[in-house]
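# What the coordinates show
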Amino acid sequence: MTEEKKSGRGRFILLMGTIAVLLTVVASAVWWFVVRPVAAPTPAQIAKEKLKNTKFIDLGSLVTNLQSADGSTHYIQVQIQLKTYDPAIAASVKSFMPEIRNGILMLLSAQHADKVSEPAVRDQLLQQIKQQVNTILETDGGALKVARPGAHPPIAAVYFASFVVQ
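Keep in mind that this is a model prediction, so the values were computed, not measured.

A few words now on the packing of aromatic side chains. Across all of its chains, the model carries three aromatic pairs by this definition. Summarising the aromatic geometry, the rings of W31 and W32 are spaced 6.2 Å apart at their centres and angled 50° between planes, so their arrangement reads as tilted. The class of W32 is partly exposed, set by a relative accessible area of 44%. Ring plane angle 65° and centroid distance 4.9 Å describe the contact between F160 and F163, whose orientation is recorded as edge-to-face. Residue F160 shares its accessibility class with F163, and that shared class is buried.

Within the largest apolar cluster, 28 residues are counted, with the highest numbers of intra-cluster contacts made by I80, L82, V93, I100, I104 and I129. The set of elements that each furnish at least two residues to this core consists of β1 (55-66), β2 (74-84), α3 (89-95), α4 (97-109), α5 (119-138) and β3 (157-165). When residues in this core are grouped by element, the largest group, six residues, is from α5. Leaving out residues up to four positions away in the same chain, I80 has contacts with I57, D58, L59, G60, L62, I104, I129, V158, Y159 and F160.

Turning next to a nonpolar patch on the surface. A cluster of nonpolar side chains, namely V26, V30, W31, W32, F33, V34 and V35, defines an oily patch on the protein surface of about 770 Å² accessible area. On the secondary structure map, V34 appears in helix α1 (residues 2-35). Its relative accessible area of 64% is what places V34 among the exposed residues.

Here three strands make up an open sheet; going across it, the order is β1-β2-β3 and the pairing antiparallel. With one partner strand each, in any of the chains shown, β1 and β3 form the two edges of the open sheet. With strand direction ignored, the average angle separating the axes of adjacent strands in the sheet is 20°. In this sheet, β2 lies alongside β1 in antiparallel orientation, the contact comprising ten bridges. Across the sheet, V63 pairs through a bridge with Q77, a residue of β2. Here α5 sits on the sheet in contact with β2 and β3, set at roughly 130° to β3.

Below, the discussion takes up the environment of D86. Its place among the elements puts D86 in the loop between β2 and α3. With 69 residues separating them in the primary sequence, D86 and I155 have C-alpha atoms 8.6 Å apart.

The next subject is the packing of α4 against α5. Running from N to C, α4 and α5 point in directions that differ by 150°, and their axes come no closer than 10 Å. On the basis of their axis angle, the class for α4 and α5 is roughly antiparallel. Two packed elements cross with a definite hand, and for α4 against α5 that hand is right-handed. Here E99, I100, G103, I104, L107 and L108 of α4 lie close against α5, whose contacting residues are L125, Q128, I129, Q132, V133, I136 and L137. Here the residues of the contact of α4 with α5 sort into nine nonpolar, three polar and one charged.

The next subject is the side chain of S109. With respect to the helices and strands, the residue S109 is situated in helix α4. Sequence-distant contacts of S109, defined by excluding residues within four places in its chain, comprise T64, N65, L66 and Q67.

Conventions adopted
Residues numbered from 1 in each chain as written. Predicted model: local features only at pLDDT ≥ 70, side-chain atom pairs only at ≥ 80, totals over all residues. Heavy atoms only, no water. Phe/Tyr/Trp six-rings, centres within 6.5 Å; stacked < 30°, edge-to-face > 60°. Buried < 20%, exposed > 50% of the residue type's maximum accessible area, 1.4 Å probe, protein only. Core = buried A, V, L, I, M, F, W, Y, C linked by side-chain atoms within 4.5 Å. Helix = DSSP H or I, 4+ residues; strand = E, 2+ residues; numbered from the N terminus. Contact = heavy atoms within 4.5 Å. Patch = residues over 30% accessible without salt bridge, like charges linked within 9 Å, V, L, I, M, F, W, Y side chains within 5 Å. Areas by Shrake-Rupley, 256 points an atom, 1.4 Å probe, with all protein chains shown as cover. Salt bridge = Lys/Arg side-chain N within 4 Å of Asp/Glu carboxyl O. Pairing = 2+ DSSP bridges. Axes fitted to C-alpha atoms, helices over the stretch in contact; angles between N-to-C directions. Parallel < 35°, antiparallel > 145°, perpendicular 65-115°, else oblique. Left-handed = near helix turned anticlockwise from the far one by under 90°. Nonpolar A, V, L, I, M, F, W, Y, C, P; charged D, E, K, R; others polar.

In short, geometric facts, not functional conclusions.
Printed below as a string of structure tokens:
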């Protein structure tokens, strides 16, 4: 009988030891894959990733008339490039191209011919175009969409590839 008690106690100790080892392994795995702090990317790594993902989207040439104080007809012709760091945005821009072009034409046609060539007005116009395009893309053309906190806008910058006022 003493032999059986020893055998049962030995099995119990072996079982408890095995459970303790398994719990240690599981706790270590959880820490490694879930809790362990991951080093934040360095500014150089972020810049390299942005550069790799940078894409320019050509909206083509846009022509419209301008507001005029002297009664004569003036026109503006621009070619616009959109800069993004998300290559998937190009498909969204293509989907909403008619709405984007219409919004830009409305902004351009509201400009005054005698002021639109001023650098400050051009910069302001670029910012308005960027804001309008981002609004269209972020709301899927006007449908309400939940904003992601801390998310970067789809379009990082807008550039004039050409700018002619006549």
